[in-house]
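Letter by letter, the chains look like this.
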Amino acid sequence: MATDPAPNRDLAAGAPAAMPDDLYAVLGIEPRASNEQVERAYRFCLELYGEGALATYSLLEPEEAEAQRTRVREAYEVLADEQRRQAYDSARGYLPPEQPVPAFLAPAPRAHDEPALPEVLSGAELRRIREARGVSLRHIASVTKIGLRFLEYIEEDRFALLPAPVYLRGFLYEYARLVGIDARRAADAYMSRLSSTGR
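Residues numbered from 1 in each chain as written. Predicted model: local features only at pLDDT ≥ 70, side-chain atom pairs only at ≥ 80, totals over all residues. Heavy atoms only, no water.

Caption draft 1: Main features of the overall build of the chain. The helix and strand tally for the chain stands at nine helices and zero strands. Across the chain, helices and strands are ordered from the amino to the carboxyl terminus as α-α-α-α-α-α-α-α-α. Per-residue burial for the chain yields a buried fraction of 43% across its 199 residues. Looking at the chain as shown, the accessible area adds up to about 10900 Å², and 53% of this sits on carbon and sulfur atoms. (Helix = DSSP H or I, 4+ residues; strand = E, 2+ residues; numbered from the N terminus. Buried < 20%, exposed > 50% of the residue type's maximum accessible area, 1.4 Å probe, protein only. Areas by Shrake-Rupley, 256 points an atom, 1.4 Å probe, with all protein chains shown as cover.)

Caption draft 2: Structural context of helix 4 (residues 82-92). Turning to helix 4, its buried residues are Arg 85, Tyr 88 and Asp 89. The buried residues of helix 4 occupy one face: seen down the axis, they fall within an arc of 95 degrees. Facing away from the buried surface of helix 4 by more than 90 degrees, the exposed residues are Gln 83, Ser 90 and Ala 91. The inward-facing, buried residues of helix 4 abut helix 1 (23-27), helix 2 (35-48) and helix 3 (62-79). Put simply, Asp 81 is the residue that caps the front of helix 4, since its side-chain oxygen is 3.1 Å from the backbone nitrogen of Gln 83. Remark: Gly 93 follows helix 4 within two positions and exhibits a positive phi of approximately 80 degrees. (Arc of directions from axis to C-beta. Contact = heavy atoms within 4.5 Å. Polar contact = N/O pair within 3.5 Å; in protein donor to acceptor, adjacent residues only side chain to side chain.)

Caption draft 3: Up close: unusual backbone geometry. Within the chain, Lys 145 stands out as a residue other than glycine whose phi angle is a positive 70 degrees. Its location among the elements puts Lys 145 in the loop between helix 6 (137-144) and helix 7 (148-155).

Caption draft 4: View of the packing of helix 5 (residues 123-132) against helix 8 (residues 165-179). The contact between helix 5 and helix 8 brings their axes to 10 Å, and the two run at 30 degrees. Here helix 8 runs roughly parallel to helix 5, going by the angle between their axes. Taken together, the residues of helix 8 that come into contact with helix 5 (itself represented by Leu 126, Arg 127, Ile 129 and Arg 130) are Leu 172, Tyr 175 and Val 179. (Axes fitted to C-alpha atoms, helices over the stretch in contact; angles between N-to-C directions. Parallel < 35°, antiparallel > 145°, perpendicular 65-115°, else oblique.)

Caption draft 5: View of the packing of aromatic side chains. Following the criterion strictly, the structure yields five aromatic pairs and no others. In this structure an aromatic cluster arises from ring pairing among Phe 150, Tyr 153 and Phe 171. The ring of Tyr 190 carries Arg 193 above its face, with NZ or CZ at 5.6 Å from the centroid. (Phe/Tyr/Trp six-rings, centres within 6.5 Å; stacked < 30°, edge-to-face > 60°. Lys NZ or Arg CZ within 6 Å of the ring centre and 35° of its normal.)

Caption draft 6: Molecular detail of the nonpolar core. Counting residues in each nonpolar core, the largest one holds 34 residues, and the members touching the most others are Leu 126, Ile 140, Ile 154, Leu 168, Leu 172 and Tyr 190. Breaking this core down by element, the ones donating at least two residues are helix 5, helix 6, helix 7, helix 8 and helix 9 (183-191). The element that contributes the greatest number of residues to this core is helix 8, accounting for eight residues. Discounting chain neighbours no more than four positions away, the residues touching Ile 154 are Gly 123, Leu 126, Leu 162, Leu 168, Phe 171, Leu 172 and Tyr 190. Counting 18 residues, the second-largest nonpolar core is a separate cluster that includes Tyr 49, Val 72, Tyr 76 and Tyr 88. (Core = buried A, V, L, I, M, F, W, Y, C linked by side-chain atoms within 4.5 Å.)

Caption draft 7: Focus on the pattern of salt bridges. Counted by the stated rule, this structure contains twelve salt bridges. Note that Glu 66 is salt-bridged to Arg 69, the shortest N-O span being 2.6 Å. Highlighted residues: Glu 66 and Arg 69, both in helix 3, separated by three residues, approximately one helical turn. Across the salt bridge formed by Arg 130 and Glu 131, the nearest N and O atoms sit 3.9 Å from each other. Linked through salt bridges whose partners overlap, the residues forming this network are Glu 66, Arg 69 and Arg 73. (Salt bridge = Lys/Arg side-chain N within 4 Å of Asp/Glu carboxyl O.)

Now the structure itself:
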């Protein structure tokens, strides 16, 4: 990506330049995702990287967006085909989605798998949810290609340094999707605070 001082174009700051090599990471899902989740993630990613998509408009060069769409299609072709997915999972050491996780490998139960989101959401609250789910900012940056510093600005409520609202909403959608909370509600709850800052 060419360097450009405009902050809206610096998606890859702090994130690896290369696309994830794990097919599940390409779609932003866990290896034990159901077929329905694979399908939903595929449609979401195609829309996200589609031509003229608001979330990535002017943030990715056309060839970068096309490379992302190609990678998304490649990931989907493998993960949507039962036999190819089984071979891929086996090579990577992943358990099939329908196979129960051995008790000693199972994650500890979470008290708030689906937290009730407040009508107004702060960056500190987003960070608490993310940390409780064991998701790092670097992982979000790597999967979404959103600059790490923009994710930090969101969590620190540094409104003056955040991109224009249309881009910020796209960033919040991606953040919430990877953390596992309702993307629309999370974005609305966070964005509702911008009017008081004059943004």
